[in-house]
Amino acid sequence: MTIIHPTAIVSKHAKIATNVSIGPYTVINANVEIGSNSIIGAFCEIGILNDLSKENRLTIGANSNIRSHSILYSGSNFGDRLETGHHVTLRENITTGSNLRVGSYSDLQGDMEIGNYVRIHSNVHLCKFTKIGNYVFIYQFSITTSDFTPPSETIHPCVINDFAIISVSSVILPGVNIGKHALVGANSTVTKDVEEYALVFGSPARKIKDVREIRLHSESKEIAYPWNLHFRRGFPQEVIENWNQN
Amino acid sequence: MTIIHPTAIVSKHAKIATNVSIGPYTVINANVEIGSNSIIGAFCEIGILNDLSKENRLTIGANSNIRSHSILYSGSNFGDRLETGHHVTLRENITTGSNLRVGSYSDLQGDMEIGNYVRIHSNVHLCKFTKIGNYVFIYQFSITTSDFTPPSETIHPCVINDFAIISVSSVILPGVNIGKHALVGANSTVTKDVEEYALVFGSPARKIKDVREIRLHSESKEIAYPWNLHFRRGFPQEVIENWNQN
Amino acid sequence: MTIIHPTAIVSKHAKIATNVSIGPYTVINANVEIGSNSIIGAFCEIGILNDLSKENRLTIGANSNIRSHSILYSGSNFGDRLETGHHVTLRENITTGSNLRVGSYSDLQGDMEIGNYVRIHSNVHLCKFTKIGNYVFIYQFSITTSDFTPPSETIHPCVINDFAIISVSSVILPGVNIGKHALVGANSTVTKDVEEYALVFGSPARKIKDVREIRLHSESKEIAYPWNLHFRRGFPQEVIENWNQN
């Protein structure tokens, strides 16, 4: 059964599937479509119209959970099981696979494609046209950029490939391609492409080693990367089993 | 015609000019003055009183756009065409020229002067007493500071001069003066004054070159700086034409 | 007298002491206990239930001030005189002493212990299991981490000891112990333990000097550290008088 809090302002034209919960004071515009079994928290603003939106519709897949004070623009299409923290801003023209998580205060500036099972932690800023593969992790205070000579109109977006990990407080400079399974260390400034399986660190970031040489800091001393060898939290079985085909 | 959403809480003492739109659930206090043709989004709190405010009034110029979940304290005076992102916090005693833009999640701590046509992108933190000229750009996750020996009561504010550009994730240390047309590279820590037209980068930041040697990363290979030679988005014609008098 | 704004949604099971003020549109759940003389701002969500909470109760001590758009989960216990900025997120299972301040946009991820008189400025991100002593200062955009090989399940929390100061935009890597009275300089990456009274700076951070060699940048040229020799704002007299017993 769908439960809409009496203080929520939900357009009668919004398409709300079955078993959706909508929290206090949340505003949902006419152009919004929300899949079944989803939860929308309090104080959200869902479906903001914008001159930059390529289409008026905003689609949120089934089994999603949008936490309070979040803002979603129109023109985007989120797959099933979207999960956001609080105070998130998701701008126009974002297309994603399923199982995207976006942490509190993160800001996706729009016009971007994101794959399946991507984990964007809190306080991440992704600029327009950033392209993100599948199973990517991006940690707190990290940012992508697109303009070598700010301000200008020459845009060179970043690409972050499958299974790559950007750790905290790092800057990805314009046009950089982060290879599959690469790991960017904390507080780095990545000025050029990072090859597959490379650990890079520093400002400017330099290759330190191959990630496959890194062991877990645990008694087991297991191999730490590719992380899908040992890390399962919320990921489907095939990611664990088939990592080496990726 | 002014349109106030029925759920907004607007003091009858607030001075709201003609053709203003006020969104759902927004709270506007008695001491607020909003210029004509302005838009105030949802869930905003406008005119918070504070012991630190030098005067009770908050003035927002005409043709402004304050996006949702933003918070503005009393004691400030914003020129025409103020534009904010979402979740912005603008504290007491800020005086600005016209055409200021402040991106989502940015926090201006108050007691500061800001010139005309300044672009503060999202997630910027400006500490009290920062002084900012005209046509300045400050990008995401950058911060100004004022205390060499935190915590202390000895305050040395930063000055950012006309046309300077602070790119992403940089720290400006106390008392630093950023010269006109200077460019601070990504993830830098600026420990001493930056001369006019200098590009600096690193921690601590060192001069790399004169910005006038930098070309656009485009086929045209045009000169990139001063940026007002080629970048026009939202700027008035005289900025383009008269850059060399600045 | 307790004053609850008519638009606030306050559970009749919440325990609200005398002389509490609750702002517009704020939601307070049944499991919440708020001490006397406290202020809860507008648009807050207080007492969110979460599977991760060890107990359902959320306790906020007397004389607290929670500013607007803040979010507090259940399972936490805050001492008297908690003060938060706007847009703050305080997750489950946080236990603190008295006089904690948390600045705007800061995110405490839960499962942590914090001592008395701690000052967390705005935009700070503290990961789960971070342990923080008394009289600690943490400045803007700084972050603690706990996973050497993200993502993994091997967690090594940081410890920040009494009187330590983490200045802006710094990263504390997993398992690091920051000694008493130590000072981490701006934009540093702290990769190993920091000894008592050490000033460290850089990426990776290296010891620069003993903090007791640093003077105030003022005419007095007084000794700057330990800061409790000269800085009194909001601190009790015994901190000033007894610093050398700490």
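Residues numbered from 1 in each chain as written. Chains lettered and ligands numbered in written order. Predicted model: local features only at pLDDT ≥ 70, side-chain atom pairs only at ≥ 80, totals over all residues. Heavy atoms only, no water.

**Thoughts on unusual backbone geometry**
Trans peptide bonds make up the majority, and among non-glycine residues the majority have a negative phi. Short version of the rule: Per the convention used, a helix needs a DSSP run of H or I reaching at least four residues, while a strand needs a run of E reaching at least two, with both numbered from the N terminus. Burial here depends on accessible area, computed with a 1.4 Å probe over protein chains only, as a share of the maximum for the residue type. Under 20% is buried, over 50% is exposed, and the range in between is partly exposed.
A cis amide bond links B:Y225 with the next residue in sequence, B:P226, at an omega value of -5°. By secondary structure assignment, the location of B:P226 is in the loop between β31 (206-210) and α1 (237-241). For the peptide bond that leads from C:P150 to C:P151, omega is -10°, which places it in the cis range. Its place among the elements puts C:P151 in the loop between β23 (143-144) and β24 (159-160). Of note, A:S169 is a non-glycine position whose phi angle comes to about 60°, a positive value. Given the relative accessible area of 10%, A:S169 is considered buried. Although it is not a glycine, B:N93 adopts a positive phi angle of roughly 65°.

**Notes on the relation of the copies chain C and chain A**
Between the two copies of the chain lies a relationship made up of a rotation around an axis and a movement along it. Note the threshold: The copies are overlaid by a least-squares fit using only the C-alpha atoms of residues whose pLDDT is at least 70 in both copies.
With an RMSD of 0.0 Å, the operation that places chain C on chain A is a rotation of 120° combined with a shift of 0.0 Å along the axis. Here the symmetry operator amounts to a three-fold rotation axis.

**Points about the confidence of the model for chain A**
What counts here: Values of pLDDT, ranging from 0 to 100, describe the predictor's confidence in every residue of the model.
Looking at chain A, pLDDT values average 95 and 97% of them are 70 or higher. ipTM for the predicted complex: 0.96, alongside a pTM of 0.97.

**Comments concerning the interface of chain C and chain B**
Our working definition: Any pair of residues with heavy atoms lying within 4.5 Å of one another is described as a contacting pair. Values labelled buried area give the accessible surface lost by two parts on being combined, using a 1.4 Å probe and summing over both. Each reported salt bridge corresponds to a side-chain nitrogen of Lys or Arg within 4 Å of a carboxyl oxygen of Asp or Glu.
With 36 residues of chain C in contact, the opposing surface of chain B contributes 39 residues. Considering only the surface of chain C that becomes buried against chain B, C:Y105, C:F141 and C:H217 emerge as the three largest contributors, covering 22% of it. Linking chain C to chain B there are 1 salt bridge. Between B:E153 and C:R233 there is a salt bridge whose closest N-O contact spans 2.8 Å.

**Points about the interface of chain C and chain A**
Using the following cut-off: N or O atoms within 3.5 Å of each other form a polar contact, as long as, within protein, one can give a hydrogen and the other can take it, and as long as residues adjacent in sequence are counted only when both atoms are side-chain atoms.
Taken together, the 39 residues of chain C in the interface contact 36 residues of chain A. On the chain C side of the interface with chain A, the three residues burying the most area are C:T149, C:P150 and C:P151, jointly 22% of the side's total. At the boundary of chain C and chain A, one finds 1 salt bridge. Between the two partners, chain C and chain A, sit 16 residue pairs in polar contact (both at pLDDT 80 or more). Those elements that place two or more of their residues in the side of chain C that touches chain A are β8 (45-48) and β11 (71-73) of chain C.

**Re the packing of aromatic side chains**
Heads up, the condition is: For Phe, Tyr and Trp, where Trp contributes only its six-membered ring, two rings pair if their centres lie within 6.5 Å, and the inter-plane angle classes them as stacked under 30 degrees, edge-to-face over 60, or tilted in between.
Counted under the stated rule, the structure contains 48 aromatic pairs over all chains. For the pair A:Y25 and B:Y25, a centre-to-centre distance of 4.8 Å together with 75° between the ring planes defines the contact as edge-to-face. You can see A:Y25 sitting in the loop between β4 (21-22) and β5 (27-28) and its partner B:Y25 sitting in the loop between β4 (21-22) and β5 (27-28), one on each of two chains. Like A:Y25, the residue B:Y25 is buried in the burial classification. The interplanar angle of 20° and the centroid separation of 4.9 Å between the aromatic rings of B:Y135 and B:F163 together place this pair among those described as stacked.

**Quick look at the side chain of C:S122**
Structurally, C:S122 is set in the loop between β19 (119-120) and β20 (125-126). Within polar-contact distance, the side chain of C:S122 engages the side chain of B:H125 at 3.4 Å. When residues no more than four places from it in sequence are discounted, the contact partners of C:S122 are B:D107, B:H125, C:G103, C:S104, C:S106, C:Q140 and C:F141.

**Topic: empty space enclosed by the protein**
Applied cut-off: Space inside and on the surface of the protein is sampled on a 1 Å grid over the protein atoms alone, with a cavity defined as a set of points where a 1.4 Å probe fits but cannot get out and a pocket as an open set with protein on both sides within 12 Å along at least 5 of 7 lines; lining residues have an atom within 4 Å of a point. Grid points are joined across faces, edges and corners, and a volume is the space filled by probe spheres set on the points. The classification used treats Ala, Val, Leu, Ile, Met, Phe, Trp, Tyr, Cys and Pro as nonpolar, Asp, Glu, Lys and Arg as charged, and all other residues, Gly among them, as polar.
One pass over the full model with this rule turns up 1 cavity of 30 Å³ or more. Approximately 110 Å³ is the volume attributed to the largest cavity. Surrounding the largest cavity, A:F141, A:S169, A:N187, B:F141, B:S169, B:N187, C:F141, C:S169 and C:N187 form its lining. Split into classes, the residues belonging to the lining of the largest cavity amount to 3 nonpolar, 6 polar and no charged.

**A word on the pairing of β31(B)**
Residue and element names in this part refer to chain B. So the rule is basically this: Between any two strands, pairing holds if DSSP finds at least two bridges.
By the bridge criterion, 4 bridges tie strand β30 (residues 198-201) to β31 in an arrangement that is antiparallel. Bridge pairing in β31 links L199 to K209. Hairpin connection of β30 to β31: 4 residues between the antiparallel strands, including G202 at a positive phi of 110°.

**Here we look at the pattern of salt bridges**
Enumeration over the complete set of coordinates arrives at 31 salt bridges over all chains. A salt bridge links A:R91 to A:E92, with the nearest nitrogen and oxygen atoms 2.9 Å apart. Note that B:K128 and B:E92 form a salt bridge whose closest N and O atoms lie 2.7 Å from each other. Of the two residues, B:K128 is situated in the loop between β20 (125-126) and β21 (131-132) and B:E92 in the loop between β14 (89-90) and β15 (94-96); the sequence distance between them amounts to 36 residues. On the basis of relative accessibility, which here comes to 0%, the residue B:E92 falls in the buried class. Beyond isolated ion pairs, a larger network of salt bridges with shared partners links A:K54, A:R91, A:E92, A:D111 and A:K128.

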